[in-house]
Amino acid sequence: MEFAGAHILSVEQFERSDIERIFDVADTMGPYALREKATRVLEGAILGNMFFEPSTRTRVSFGCAFNLLGGEVRETTGFKSSAIAKGESLYDTARVLSGYSDVICMRHPAEGSVAEFAAASRVPVINGGDGANEHPSQALLDLYTIRKELRGRNRGLDGLRIAMIGDLKYGRTVHSLCRLLCLFNNVHITLVSPAELAMPEFYVELARQAGHKVTISSELTASISNVDIVYSTRIQEERFPTKEEADLYRGRFRLNQAIYTKFCEPNTVIMHPLPRDSRSDANELDNDLNQNPNLAIFRQADNGLLVRMALFAMVLDVVHLVDQYARPVHWFHRRDKI
Ligand code: NCD
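Residues numbered from 1 in each chain as written. Predicted model: local features only at pLDDT ≥ 70, side-chain atom pairs only at ≥ 80, totals over all residues. Heavy atoms only, no water.

## With respect to the pattern of salt bridges
Heads up, the rule is: Think of a salt bridge as a Lys or Arg side-chain nitrogen and an Asp or Glu carboxyl oxygen that are within 4 Å of each other. Strands are runs of DSSP state E lasting at least two residues, helices are runs of H or I lasting at least four, and both sets are numbered from the N terminus onward. Here's how the labels work: a residue is buried when its accessible area is under 20% of the maximum for its type, exposed when over 50%, partly exposed in between, all with a 1.4 Å probe on protein chains only.
On inspection of all chains with the given rule, the structure shows 21 salt bridges. The salt bridge partner of Glu12 is Arg179, with a shortest N-O separation of 3.7 Å. Within this pair, whereas Glu12 is found in the segment before α1 (16-28), its partner Arg179 is found in helix α7 (residues 172-181), the two being separated by 167 residues in sequence. By relative accessible area, Arg179 is classed as buried at 17%. Bridged by salt links that share partners, the residues Glu237, Lys243, Asp247, Arg250, Asp277, Arg279 and Asp281 form one connected network.

## Some words on empty space enclosed by the protein
Empty space among the atoms can be located by rolling a probe the size of a water molecule over them. For the record, the criterion: The way it works is a 1 Å grid over only the protein atoms, where trapped points that fit a 1.4 Å probe form a cavity and open points with protein on both sides within 12 Å along at least five of seven lines form a pocket, and then any residue with an atom within 4 Å of a point lines it. Grid points are joined across faces, edges and corners, and a volume is the space filled by probe spheres set on the points. Under the convention adopted here, Pro, Cys and the residues Ala, Val, Leu, Ile, Met, Phe, Trp and Tyr are nonpolar, Asp, Glu, Lys and Arg are charged, and Gly plus all remaining residues are polar. What counts as a domain boundary in this text is fixed by an automatic or database domain assignment.
Enumeration according to the criterion identifies three cavities of 30 Å³ or more in this entry. Roughly 70 Å³ of volume is contained in the largest cavity. Gly166, Ser232, Thr233, Ile235, Tyr249, Arg250, Gly251, Arg252, Phe253, Ala282 and Glu284 together form the lining of the largest cavity. Residues of the lining of the largest cavity, tallied by class, amount to four nonpolar, four polar and three charged. Computed from the structure, the second largest cavity encloses a volume of approximately 50 Å³. Where the lining of the second largest cavity is concerned, the elements lending two or more residues are α3 (57-68), α6 (136-150) and α12 (297-315). Per element, the largest residue contribution to the lining of the second largest cavity is four residues, and it comes from α12. Both domains that furnish three or more residues to the lining of the second largest cavity are identified here as domain 1 (11-134 + 302-328) and domain 2 (136-298).

## Here's the deal with the domain arrangement of the chain
We count it as follows: By definition, residues are in contact when any of their heavy atoms lie within 4.5 Å. The term buried area means the drop in 1.4 Å probe accessible area that two parts suffer when joined, counted for both and summed. We define a polar contact as two N or O atoms separated by no more than 3.5 Å, with the added condition that, inside protein, one atom must be a possible hydrogen donor and the other a possible acceptor, whereas residues neighbouring each other in sequence contribute only through side-chain atom pairs.
Its domain assignment divides the chain into domain 1 (11-134 + 302-328) and domain 2 (136-298). Measuring from the centre of the C-alpha atoms in domain 1 to the corresponding centre in domain 2 gives 25 Å. Contact with domain 1, which involves 29 residues of that partner, is made by 27 residues of domain 2. Both faces combined, the contact of domain 1 with domain 2 buries some 2,500 Å², and carbon together with sulfur accounts for 56% of it. Per-residue buried area on domain 1 facing domain 2 is highest for Val11, Arg16 and Phe23; these three make up 26% of the total on that side. Taken together, domain 1 and domain 2 are joined by five salt bridges. Note that Glu53 is salt-bridged to Arg239, the shortest N-O span being 2.8 Å. Taken together, the links from domain 1 to domain 2 amount to 14 residue pairs in polar contact (both at pLDDT 80 or more). Looking at the side of domain 1 that touches domain 2, its residues break down into twelve nonpolar, six polar and eleven charged.

Shown next as structure tokens:
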């Protein structure tokens, strides 16, 4: 696909070669994300970061990614503080805000809303999550993380074995990830959820059409014993008709060190888009996994910076200029590995 000026709305728009290009660019962002050097390539550019649903990682990492490329961020969070609360349409909001920004990231509770907004926008729009539908940048960073974690283990994206666990009905990250995996070969996807929270048939069918093996289960321990990746998710309680209904499923699939040691192959990678629900009645990924070197959740979140920097550089067509605008960094900074 042509990235310059493009909206990023669904993983549907990517071919495998596009993914490889994004990952190649993301790899080059490491020194900037680690503050080994800085670049001012987007100096003067403005990101409109519009988040109408709770968000920590996605909102802040999109903002930081833009800052790390030298650009400025203007943010609006929640409906109450925006003119949408006064009845303004997505069309009008898009027409107005795209006059103020060079690129817009948007999260909204309604499925399809970000695409509707993008259709009226004069600048590229990146979907930061539209209801239970899609979360394309998360799927990209998830796949980037899987590739990185499995490197050196003689395992890769082709032939991948992954268990997706939890709320597969409302979880937009697993929808996008499942769809993105359709670009690869011979993937075995095990879908673990209560029957009521199963992966929508649409995504199961896409995976099967791609030639993948899809196994559907409601049993955690049997499903995590032969996989490269355990991808756990949170019960998306905000999408349930009532909180009581969400409570029925909370804590159904808990992974802790004892279960991991007993059932998983050595070095199985543990992922989660975060936030993990750490309340005692949920505890999806127990804190006793924190010292497990295969717990990749924070490396996964770190990778979000690299992938989001790559998306901005590509959509604003400055990939070839990033290093040209590089500067040394003078402040003290811990240079932990990403
Ligand atoms: C996810 C989301 O918002 O869909 N979070 C994220 O962006 N990393 C997952 C979740 O909220 O459970």
